[in-house]
Amino acid sequence: DSGVTQTPKHLITATGQRVTLRCSPRSGDLSVYWYQQSLDQGLQFLIQYYNGEERAKGNILERFSAQQFPDLHSELNLSSLELGDSALYFCASSERGVTDTQYFGPGTRLTVL
Amino acid sequence: ILNVEQSPQSLHVQEGDSTNFTCSFPSSNFYALHWYRWETAKSPEALFVMTLNGDEKKKGRISATLNTKEGYSYLYIKGSQPEDSATYLCADLSNTGKLIFGQGTTLQVKP
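Please read these numbers as outputs of a predicted model, since none were measured by experiment.

Draft legend 1. Focus on the overall build of chain B. In terms of helices and strands, chain B carries zero helices and eleven strands. What you see in chain B, going N to C, is helices and strands ordered as β-β-β-β-β-β-β-β-β-β-β. Rg of the C-alpha trace for chain B: 13 Å, near the compact-globule value of 13 Å for 111 residues, within the 12% margin. Seen along its three principal axes, the alpha-carbon backbone of chain B occupies a region of about 40 × 25 × 20 Å. Of all 111 residues assigned to chain B, the portion counted as buried reaches 52%. Considering only residue pairs separated by 6 or more positions, chain B has 53% of its internal contacts joining residues 24 or more positions apart.

Draft legend 2. Inspection of the overall build of chain A at higher detail. Along its length, chain A carries zero helices and eleven strands. Of the regular secondary structure in chain A, the N- to C-terminal order runs β-β-β-β-β-β-β-β-β-β-β. Over its C-alpha atoms chain A spans a radius of gyration of 13 Å, differing by no more than 12% from the 13 Å that the globule rule assigns to 113 residues. With respect to the three principal axes, the spread of C-alpha positions in chain A is 35 × 30 × 25 Å.

Draft legend 3. Structural context of the interface of chain B and chain A. Chain B puts 19 residues into the contact, and the matching count from chain A is 17 residues. Note on chain B versus chain A: buried area summed over both sides is about 1,400 Å², and carbon and sulfur give 69% of it. The interface formed by chain B and chain A contains zero salt bridges. Between chain B and chain A we count two residue pairs in polar contact (both at pLDDT 80 or more) in total. Per-element accounting of the side of chain B that touches chain A gives the leading share, five residues, to strand β4 (residues 30–38) of chain B. The residue makeup of the side of chain B that touches chain A, split by class, is eleven nonpolar, six polar and two charged.

Draft legend 4. Focus on the side chain of Ser43 of chain B. Relative to the helices and strands, Ser43 of chain B resides in the loop between β4 and β5 (45–50). From its side chain, Ser43 of chain B meets the backbone oxygen of Gly105 of chain A in a polar contact 2.6 Å long. Once residues within four sequence positions are removed from consideration, Ser43 of chain B is found in contact with Phe90, Phe104, Gly105 and Pro106 of chain A together with Arg37 and Trp38 of chain B.

Draft legend 5. Summary view of unusual backbone geometry. Here the amide bond leading from Thr7 of chain A into Pro8 of chain A is cis, since omega sits at -10°, within 30 degrees of zero. Relative to the helices and strands, Pro8 of chain A resides in the loop between β1 (5–7) and β2 (10–13). Residue Ser80 of chain A is not a glycine yet carries a positive backbone phi of 45°. Its relative accessible area of 42% is what places Ser80 of chain A among the partly exposed residues. Backbone geometry places Ala41 of chain B, a non-glycine residue, at a positive phi of 65°. Secondary-structure assignment places Ala41 of chain B in the loop between β4 and β5.

What counts, and where the lines are drawn
Residues numbered from 1 in each chain as written. Chains lettered and ligands numbered in written order. Predicted model: local features only at pLDDT ≥ 70, side-chain atom pairs only at ≥ 80, totals over all residues. Heavy atoms only, no water. Helix = DSSP H or I, 4+ residues; strand = E, 2+ residues; numbered from the N terminus. Rg over C-alpha atoms; globule rule 2.2 N^0.38 Å. Buried < 20%, exposed > 50% of the residue type's maximum accessible area, 1.4 Å probe, protein only. Contact = heavy atoms within 4.5 Å. Buried area = accessible area lost by both parts, 1.4 Å probe. Salt bridge = Lys/Arg side-chain N within 4 Å of Asp/Glu carboxyl O. Polar contact = N/O pair within 3.5 Å; in protein donor to acceptor, adjacent residues only side chain to side chain. Nonpolar A, V, L, I, M, F, W, Y, C, P; charged D, E, K, R; others polar.

And the structure:
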């Protein structure tokens, strides 16, 4: 158990809908990262937050947004969902920045029908 | 090299064999390199974070080296065990702050 929690574990929804994925980092970790792993692609970095502020952005679509709250939990919002958004979404946290070890949560499996 | 490339794509070894794989990354704007171990149906588990040219890190039977000037890192596993079977991922962090992952090397260790 990495200490990073993600909810829900599984999510099934329809095209055009909007969903929110939640992540709670390890106690004391200030950075949260979101990753997407789809069938035809490897692990893709989406976005990083550090202590409530956006720190780095990867290949995150404009339909996706994220935020980190004062209690350091983070949410990833996915809207206008398409079939291709079906993927495993991981959250990871680290103590401070990107040169620190990242601890991954169990992931949320999103299926868009 | 423009992307992060890992080789080989897959590897089958016998228990007790030592093995190694390569991660190649763009040598310009290097900031850090991460290695992860990813077992099926689990989450990636961090092995090493490497930042300095010539760095060598070790965790049990697994070790890694880093050459930032030529843009490669090697991961070594000594005396492979069936429980080492997993996909090993490297990720390059440039000074843009973006982590770029390789496609991974999948290791299968036969008892």
